[in-house]
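Next come the chains, spelled out residue by residue.
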Amino acid sequence: MSKQPTGGTVYRLQHRKGRMRRRQAELRKIATYGAMIAALCGVSLPLVSGTDDERAKLLKLFESTNGSAWKQSVSWDTNEPICSWFGIACETIDGVDTVTKIELRRNNLNGIIPSDLWKLRHLRFVDMRSNLLTSASFGGLKDADNSSSPVEVVLLSENHITELNGIGNARPTLRELHLDRNRIDRFESDLFDCTYLEVLHLSFNQISGTLPTGIGRLTNLKEFYSFNNRFSGQLPKEIGMLDVCELFTMGTNLLSGTLPPEMNDMVNMRQLSLHANKGITGPLLSFGEMPFLELLALEGNALTGPIPPDFLRYNKNTEKPVAIDLSQNNITGALPKSLEQFEMLNIDLVGNMIDEIPSDFCSKGGWMGGLVEQFGCNAILCGKGTFHQGGRANDAGDCLPCQGELPYLGASTCPSALLPPWQALACFYENMSGSKWTKNDGWDILLDAPLNVSNAEICSSFYGVQCNGDQISGISLPRNELFGKVPDCIFSIHSLQVLDLSNNNIQMTDMRGAEETKSLKSLKLSNVKVRSLKGIGNLTSLEELHLDGLPIVAPLPHDIFQLTNLSTLDVKHSKFEGTMPTLVGQLSNLERLNAYGNFLTGPLPTEIGELVSLSFLDLSENKFLGTLPTELMLLTSLTSLAMNQKSLGGLEGSLPAFSNFTQLVVLDLASNRFNGAIPADFLASIFDKSVEISISLPHNQLTGALPASLGQFDRLFLNLEGNQITEIPFNLCAKVNWMKGEIRKLPEESRCNGILCPPGTWNEFGKETSANKCRVCSASNYFGQTKCGVLEMTREQEILDLLYSRTGGKYWTLENGNWTKAGVPVCQREGIFCLGDKSDNEGIRVIHLNDFGLRGTVPSEIWELRHLRELAVTNNPVDVSFVGIENATSLEGLKMSKCHLRGLDGLENAQSVRELHIAQNQFEGFIPGSLFALRNLERVFMNNNDFSGSLPSEIGKLSSLQILDLWNNRLSGSLASEIGLLSHLTQLKLSDNCLSGTIPTEVLSLPNLTYFEIAQQHGTKFSGSLPSFSENPLLEVLDVSENAFSGVLPQQFLSATNTSKSILVDLSENQISGTIPASWSMFEALHIDLSGNMLTGIPESLCDQVGWNGGIVGVVGTCDAILCPPGTYLPSGRQTTAKATCQTCSGGLESAPFYGSKSCLNPLSISEREILAEFYVAANGTSWLTQARWLSKSPTCSWYGVTCNEEGLIEELSLENNYLKSNSPFGVSRVFELSELKTLNLKGNAIQIDFEKVPLNSKLEVLQLSGTGLQTIDGISRATALREFHATNNFIVEIPEEVYQLANLQSLFVSFNSITGTISPMISNLSSLKQLYLFGNHLTGTMPSSIGLMSSLTDFVVGKNFLQGTIPGDI
């Protein structure tokens, strides 16, 4: 559950920006008036760009923050006007252009902010986030002579600032102070002197001690963030004085004591979070005096006692989403009746001692994101005696029974002793949406398995399961489309040694549930959504741990370093930050360590030298600083060492010789700051000098000559470009096998160029190949230069290279591979489109990488591309970081459908975005409120996700919206009337959701609406009278089919549209009655579907509308092309071609009483409806994957999976892999009573069948029951017309002799069962048999010679049995 603010913060920021804009306008007006007066008086007032005093203060900032190393420093330290300097914004005040704003975010500022900066007389806004600043020098704010800055906003998050001394001297203008993610360790008392402060950010620091009572002095504070610090002790009662505060978060600290009652006085509170403090005890407050509270997060504490009866008593958000998290406390008793007032409550109470939920709550359909409608009270908490990994039912499935004693509601585990392996696997399969896996061979039987399923049976047939003897030792299901939260039950298999769930869209809250698996040696969870690694330190048997691509933004947890048996630790492409812990030295058995592509920083710990078994070490693409510890040279077993750094800073010092390494074949130290000459004994001890060795040292500060000793290597690949090399010994130029043989391809006189381009030349790669020559450049003084003057690697090229490396570029599916080709400008790279021509190396406008195979995370640096208009990464298993997206001011389009987006945090800052595609990302829960901050959005595609809850009223804020596509989600409730505010809306697509109610009148007056689709709603559906849509003049497509609209058709239907144009209208499968109005004859080209309603008449005038239904009405010449008349039918409900005429029902009007019947309701079909209804209930129909029209009033022939003959009687039922489940053959077996049934396909469902129920006159010809758990086929001989019988992958143990009575049988498939005994000679009785498959059973003995009599047999497959003897000659 998100703990971040949404709409309120956005509103306040916009309000502040608006206030600043008005103030700027006033100042400009004053300056203009001043100039006019001066002109009238004949006085010249030249405008000045800044003052000498301001220039001096800015230059001091440049010097004290290592300005020469800034990323961008255009015009700084020049004679250019200071207002033209990068990051400086000015306003004209008193006729002078003066500095009002400094924006230097992510610009590599390193050092301190000089105190004089705060003396800039008109400075109001400072943004220096994401740099390396160590001090803000707030002491400069001291204002003895009114000379300090009237600063309003200070943004210094993500630096290395350690203290706040002097902040209390800020003038009353200070409104916002952001210092998240610094190194502040104490709460300065003078901060409380900033009494006008409205927003204070201090999260992710190291602040310890109690929250001072002085907090009560900040009476204007609206937002207080102090998440993830070390605050301890009791919250002070003075917190109640913050009565205008709307957001207060101190989650993940060390607070203790009770909640002060004065907290109830914070009457404007909207979001309150004190989660994960563990020590907050005592009773829960009522929070009854907080009418606006929408989020309360108190999980992970030690609160006791019942929930107060007046809990949230006066809350006004009764019809809006409200999120309450009280999980993992010690709360007791029942849920209070006061919660009954809420319609859209999401409350988490798992991990408490709740023993009762009022029964009325079980019908609150809008609670828990709509899950209560599906699961009842189980969606709030699992009932007593049941459990679920999440403590409550969710989309992964309902609560499961547990035979152990579970005295409270909300159990998340069942004692492992009560779970045999088959049940643990069944629990796992159900929670992981097993029926939708790419491969699930064998697993389906668990959904209806008997209690005695043996491990042997599991080991022999389950996809991805490995065994050691009859013990389950491994489960490997990578890239298998698993979905949901991993249940703890899988860890109750104590023999499990290997678990690989990588690259699936699954979630794990933490690792505590895995503690039960004492034997686990290999755990692979790469690219899954693990929220915390808490508890992983208890998996002491682990030898292999793969955690690539985790979304956890936190330091490497110390628990990992308790796993002293680890030989492999892989955490590449994750988001770990902070320093590498010294505890790494405890992993003495480690052989492979890969932390590529994280955010680790600081120096490398000397303890790394204790990993003496290490053969592979990759710490590249991080932010390490300092020198290489000498202890690193103790790792003499290394074969691969990589530490290239592409971020700020880098490793430095002299390049070590690595002279004691004997097996090293890969050394990559690119893009650091190593200096001096390459040692003469560099890699002198390599044992085998004939193998290919790769040395990558480009873009460092190396000097001098290459050592001639490198000539000892036969097959060296050497990258040294971008250094200050002055000489290449001639003996190296003769090494023709170097550079992968590329030197051999060069003329003899140019072979040195193949190592490095000589002084006076250059190319983009610093070396010559047969395809890329070194080019003349008089400015090039060293070997291997990659730039000539201004022709250097652009920042845009660096960003694309970073994108390539961070998203697994070497695995991309490129057509021409030009992302890595030498000399290719960025604008020629595949998928890149620029402002200029293809020869440019900058000006990137569009990035199209759809279906390229990106993985990992698109780096946030992508938003530095200032010309970027569109980013398209559709259909890639990749996440996208939206941090810094506000810098992409030209960005208009984001196409990220069918990706692995983990969240949308930060997207609200993309204010220029007009088009957003995030379809098919498996998002769940409420639609993020942050989306409604994107006020320029015009086109939004969010279809095929799992969004739930109502469509928020904030949708009305997107005033520019033209297309809103949300079909195929789980949205519920009524349609927001605020959609009527979207005057530009042209397309509204909301089909296949759970919406209900009536269509708001505001929507019915949208002037530009052309597409309106709300078809196929589940649940109660849209209802009421069908609107006329007479105020939607541009409507072209209207689809409201499969709802519950009733009453008569309106006379003025679509009366404002252009009646001569083609209009498509689908009103089928509703409850509309009466006749079609004669006034509809005004439409000339109407495509209309009214089938499946209760219409009783069509005016003759409509039968002459020759342009209707694509001209079919004119071709047919009757109203049958509009609707079949009573007493007739067609599956489409009308005639669609000249030949396919409406068919007469044998039962006359009684079987088809209305216009537009799709089948005939004769007495037999009525009986069939009853049979199917009983079948639906017996086979757990409410859980089917697809259940369209089942149990509806629609003809059974239109129900999903049902096919009828010409008489409207069922001849085929096909529900393959549709998640049917039955515990008894009764009810399900009634399907055999369908007198015309010829084909029954229930393959891949967990059902039981009784063939004794097959009537002797059955017409059944095709029976497909593979993978259903079938155990016996006794009685099958009753199906005398049977031609095909499929029963592969079941538990059949014998073929009864009655099978050989099936004289019409042509195909018999019973492979992969447990059939024993011999092949009966009676097999030859099946004289019509063409295909016989008995593969993978336990058959013994010899093959009977009678098989030779089966002249029709074409396929005879009996492999993987225990047959013996010779093949009879007759065969």
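Cut-offs applied
- All chains use their own residue numbering, which begins from 1 and follows the written sequence.
- In keeping with the model being predicted, local features are shown solely for residues with a pLDDT of at least 70 and side-chain atom pairs are shown and tallied solely at 80 or more, while totals for entire chains, interfaces and linings include all residues.
- Hydrogens and water are ignored here; the side-chain numbers use all heavy atoms of the structure.
- Only runs of H or I of at least four residues qualify as helices and only runs of E of at least two qualify as strands under DSSP, and these elements are numbered from the N terminus.
- Under the convention used throughout, the expected extent of a helix is 1.5 Å for every residue step, that is, one less than its residue count.
- Any two residues having at least one pair of non-hydrogen atoms within 4.5 Å are treated as being in contact.
- Two rings from Phe, Tyr or Trp (for Trp, the six-membered ring) form a pair when their centres are within 6.5 Å of each other. A pair whose planes differ by under 30 degrees is stacked, one over 60 is edge-to-face, and the rest are tilted.
- Look at NZ for Lys and CZ for Arg. If either is within 6 Å of the ring centre and within 35 degrees of the ring normal, a charge sits over the ring.
- Two kinds of site are reported from a 1 Å grid over the protein atoms alone, namely cavities, where a 1.4 Å probe fits but cannot get out, and pockets, open sets with protein on both sides within 12 Å along at least five of seven lines, and residues are called lining when an atom falls within 4 Å of a point.
- Grid points are joined across faces, edges and corners, and a volume is the space filled by probe spheres set on the points.
- Only Asp, Glu, Lys and Arg are considered charged, only Ala, Val, Leu, Ile, Met, Phe, Trp, Tyr, Cys and Pro nonpolar, and every remaining residue, Gly among them, polar.
- Values of pLDDT, ranging from 0 to 100, describe the predictor's confidence in every residue of the model.
- Whenever a pair of cysteine sulfur atoms sits within 2.5 Å, that pair is classed as a disulfide.
- For every residue, the accessible area obtained with a 1.4 Å probe (protein chains only) is divided by the maximum for its type, and the residue is called buried under 20%, exposed over 50%, and partly exposed between those limits.
- Buried Ala, Val, Leu, Ile, Met, Phe, Trp, Tyr and Cys residues that are joined via side-chain atoms within 4.5 Å together make up what is termed a nonpolar core.
- The salt bridge definition used is simple: a Lys or Arg side-chain nitrogen within 4 Å of an Asp or Glu carboxyl oxygen.
- For two strands to pair, DSSP has to find at least two bridges joining them.
- Each axis is a line fitted through C-alpha atoms, and for a helix only the stretch in contact is used; angles between axes span 0 to 180 degrees, taken between their N-to-C directions.

Regarding helix H2 (residues 52-64)
The end-to-end C-alpha distance of H2, which contains 13 residues, comes to 18 Å, matching closely the 18 Å that a straight helix rising 1.5 Å per residue would cover. Tucked into the core, H2 has its buried residues touching strand S2 (88-93) and strand S3 (96-103). Remark: Asn66 follows H2 within two positions and exhibits a positive phi of approximately 55°.

A word on the packing of aromatic side chains
Taken as a whole and judged by the stated rule, the model has 38 aromatic pairs. Between the aromatic rings of Trp812 and Trp819, the centroid separation amounts to 4.9 Å while the plane-to-plane angle is 75°, which identifies the pairing as edge-to-face. Linked through ring pairs, Phe428, Tyr429, Trp437, Trp443 and Phe462 together constitute an aromatic cluster. Across from the ring centre of Phe125, 4.9 Å away, lies the NZ or CZ of Lys101, which sits over that ring.

A short note on empty space enclosed by the protein
Scanning the entire structure with this criterion turns up five cavities of 30 Å³ or more. Here the largest cavity defines a volume of roughly 80 Å³. Taken together, Ile927, Leu931, Phe932, Leu937, Val940, Met942, Leu951, Ile955, Leu958, Leu961, Leu964 and Leu966 make up the lining of the largest cavity. Among the residues making up the lining of the largest cavity, the classes are represented as twelve nonpolar, no polar and no charged.

As for the confidence of the model for the protein chain
Parts of the prediction with low pLDDT should not have their coordinates interpreted in detail. The predicted model of the protein chain has a mean per-residue pLDDT of 87, with 93% of residues at 70 or higher. For residues 1-49, every residue scores under 50 in pLDDT, and the model assigns this stretch 51 contacts once sequence neighbours within four places are set aside.

Side note on the state of the cysteines
What is meant by a disulfide is a covalent connection between two cysteines, made through their sulfur atoms. Evaluation of the coordinates by the stated rule reveals eleven disulfides. Covalent S-S linkage joins Cys427 and Cys489, the inter-sulfur distance amounting to 2.0 Å. Between Cys427 and Cys489, the S-S torsion sits near -85°, and that sign places the bridge as left-handed. In this pair, Cys427 sits in helix H4 (residues 421-431) while Cys489 sits in the loop between strand S27 (483-485) and strand S28 (498-500), placing the two residues 62 residues apart along the sequence. For Cys427, a relative accessible area of 4% gives the class buried. For Cys489, a relative accessible area of 5% corresponds to the buried category.

Focus on the nonpolar core
Ranked by size, the top nonpolar core spans 106 residues in total, and within it Leu617 and Phe658 carry the most contacts. Mapped by element, the contributors of at least two residues to this core are H4, strand S26 (471-476), strand S29 (505-508), strand S44 (692-696), strand S46 (715-719) and helix H6 (730-733). By residue number, the principal contributor to this core is H4, which donates six residues. One finds Leu894, Phe932, Leu985 and Val1040 within the second-largest nonpolar core, a separate group that totals 101 residues.

Description of the pattern of salt bridges
Summed over all chains, the structure comprises 43 salt bridges. Across the salt bridge formed by Glu289 and Arg313, the nearest N and O atoms sit 3.1 Å from each other. One end of the pair, Glu289, is in the loop between strand S16 (279-281) and strand S17 (295-297); the other, Arg313, is in the loop between strand S18 (304-306) and strand S19 (322-325), and 24 residues separate them in sequence. Judged by its relative accessible area of 35%, Arg313 falls in the partly exposed class.

Quick look at the sheet that holds strand S65 (residues 1023-1025)
One open sheet holds the four strands; their spatial order is S65-S67-S69-S71, and the pairing between them is parallel. Pairing within the sheet leaves two strands with one partner each, and these edge strands are S65 and strand S71 (1094-1097). Each strand axis lies, on average, 15° off the axis of its neighbour in the sheet, ignoring direction. Judged from the three bridges that link them, S65 and strand S67 (residues 1044-1048) form a sheet pairing that is parallel. In the strand pairing of S67, Gly1024 is matched with Phe1045.

Remarks on the side chain of Asn107
Along the chain, Asn107 turns up in the loop between S3 and strand S4 (110-112). Note on Asn107: relative accessible area 2%, which makes it buried. Beyond its immediate stretch of four places on either side in the chain, Asn107 contacts Trp70, Lys71, Gln72, Phe86, Ser130 and Asn131.

Quick word on the environment of Ser1192
Here Ser1192 shows up in the loop between helix H9 (1163-1178) and strand S74 (1202-1204). For the pair Ser1192 and Ala1173, spaced 19 residues apart in sequence, the C-alpha to C-alpha distance is 9.9 Å. Not counting chain neighbours up to four residues away, the residues in contact with Ser1192 comprise Arg1169 and Trp1199.

Topic: the environment of Asn169
Of note, Asn169 is situated in the loop between strand S7 (153-155) and strand S8 (176-178). Taking the C-alpha atoms as reference, Asn169 lies 83 Å from Phe1154; in sequence the two are 985 residues apart. Each residue touching Asn169, except ones within four places of it in the same chain, is listed here: Gly139, Leu141 and Lys142.

Regarding unusual backbone geometry
Notably, Glu1069 is not glycine yet its phi reads approximately 55°, a positive angle. Mapped onto the elements of the fold, Glu1069 is located in the loop between strand S68 (1062-1066) and strand S69 (1071-1075). Although it is not a glycine, Asn1109 sits at a positive phi angle of roughly 50°. Exposure remark for Asn1109: the relative accessible area of 6% places this residue in the buried category.

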